[in-house]
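Okay, here's what each chain looks like letter by letter:
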Amino acid sequence: MNGINSKILNVTDDRQVTIPLVFFEELHFGKKAECFVANDAVIIRPFETANDNFNDVFTIDILKDLISQGYNGNELVEKFEEQHINIKKAIGVLISESDEIAAGNLKSVSTEDIFGEI
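Residues numbered from 1 in each chain as written. Predicted model: local features only at pLDDT ≥ 70, side-chain atom pairs only at ≥ 80, totals over all residues. Heavy atoms only, no water.

Q: Got a sec to walk through the overall build of the protein chain? Specific residues and values, please.
A: Within the protein chain, the regular secondary structure consists of 4 helices and 2 strands. Reading the secondary structure of the protein chain in the N-to-C direction produces α-β-β-α-α-α. Evaluated residue by residue, the protein chain yields a buried proportion of 9% over its 118 residues. Taken as a whole, the protein chain presents about 10100 Å² of accessible surface, with 54% of it coming from carbon and sulfur. (Helix = DSSP H or I, 4+ residues; strand = E, 2+ residues; numbered from the N terminus. Buried < 20%, exposed > 50% of the residue type's maximum accessible area, 1.4 Å probe, protein only. Areas by Shrake-Rupley, 256 points an atom, 1.4 Å probe, with all protein chains shown as cover.)

Now the structure itself:
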């Protein structure tokens, strides 16, 4: 496949796959993996600790914002879950758009396009 190292994987009845050792070691997988869909493909990559810290910052900001809006108890939990899902979706869109820009399939925008003249 054009210089791309690939392997055919078996999928168990439980929808599980095993990452081949050569890929596992090459990419330095730890105890967690991130999985997402991009360009009609399932991408599985190492989940880095930096991502954990990134998510923690969002968690704190979401909670602070919802509390300032007067939410508490079960309502706070429901709104938090809703916001957390929305942020994950938005980040997924940003990553997909970045990949498309990097591949030359999408034109990038400038700061002026977003914020107007500075």
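So that's the structure; there's more coming.
Q: I'd like a description of the nonpolar core, backed by residues and values.
A: The tendency in soluble globular proteins is for nonpolar side chains to be buried as a group. Counting 5 residues, the largest nonpolar core is built from Ile62, Leu66, Tyr71, Leu76 and Phe80. Counting only elements with at least two residues in this core, the list comes to helix 2 (49–68) and helix 3 (73–102). The residues touching tyrosine 71, leaving out its near neighbours within four places in the chain, are Leu66, Leu76 and Lys79. (Core = buried A, V, L, I, M, F, W, Y, C linked by side-chain atoms within 4.5 Å. Contact = heavy atoms within 4.5 Å.)

Q: Describe helix 3, and please don't skip the residues or the numbers.
A: An ideal rise of 1.5 Å per residue puts 44 Å on 30 residues; helix 3 measures up with 43 Å between its terminal C-alpha atoms. Glycine 104 occupies a position one or two residues after helix 3 and carries a positive phi of about 85 degrees. (Expected span 1.5 Å × (residues − 1).)

Q: A description of the environment of arginine 45 should follow, citing residues and the corresponding values.
A: Relative to the elements of secondary structure, arginine 45 occurs in strand 2 (residues 41–46). Separated by 21 residues in sequence, arginine 45 and phenylalanine 24 have C-alpha atoms that sit 9.3 Å apart. Residues in contact with arginine 45, not counting those within four places in the same chain, are Phe29, Ala33, Glu34, Phe36 and Ile95.

Q: Can you lay out the pattern of salt bridges for me, pointing to particular residues and giving the numbers?
A: Tallied over the entire structure, the rule returns 1 salt bridge. Two residues, arginine 45 and glutamate 34, come together in a salt bridge whose shortest N-O distance is 2.9 Å. Pair noted here: arginine 45 is in strand 2 and glutamate 34 is in strand 1 (residues 33–38), with a separation of 11 residues, a long-range link. (Salt bridge = Lys/Arg side-chain N within 4 Å of Asp/Glu carboxyl O.)

Q: Go over the packing of aromatic side chains, please, and point to the residues and values.
A: In this structure the tally under the stated criterion is 1 aromatic pair. Ring geometry for phenylalanine 24 against phenylalanine 29: centres 5.5 Å apart, planes inclined by 15 degrees, an arrangement best described as stacked. A relative accessible area of 32% places phenylalanine 24 in the partly exposed class. (Phe/Tyr/Trp six-rings, centres within 6.5 Å; stacked < 30°, edge-to-face > 60°.)

Q: So what's going on with a nonpolar patch on the surface? Residues and values would help.
A: Judged by side-chain polarity, Leu9, Val11, Val17, Val37, Val42 and Ile44 come together as a nonpolar surface patch covering roughly 520 Å² of accessible area. Within the secondary structure layout, isoleucine 44 lies in strand 2. We classify isoleucine 44 as partly exposed; its relative accessible area is 38%. (Patch = residues over 30% accessible without salt bridge, like charges linked within 9 Å, V, L, I, M, F, W, Y side chains within 5 Å.)

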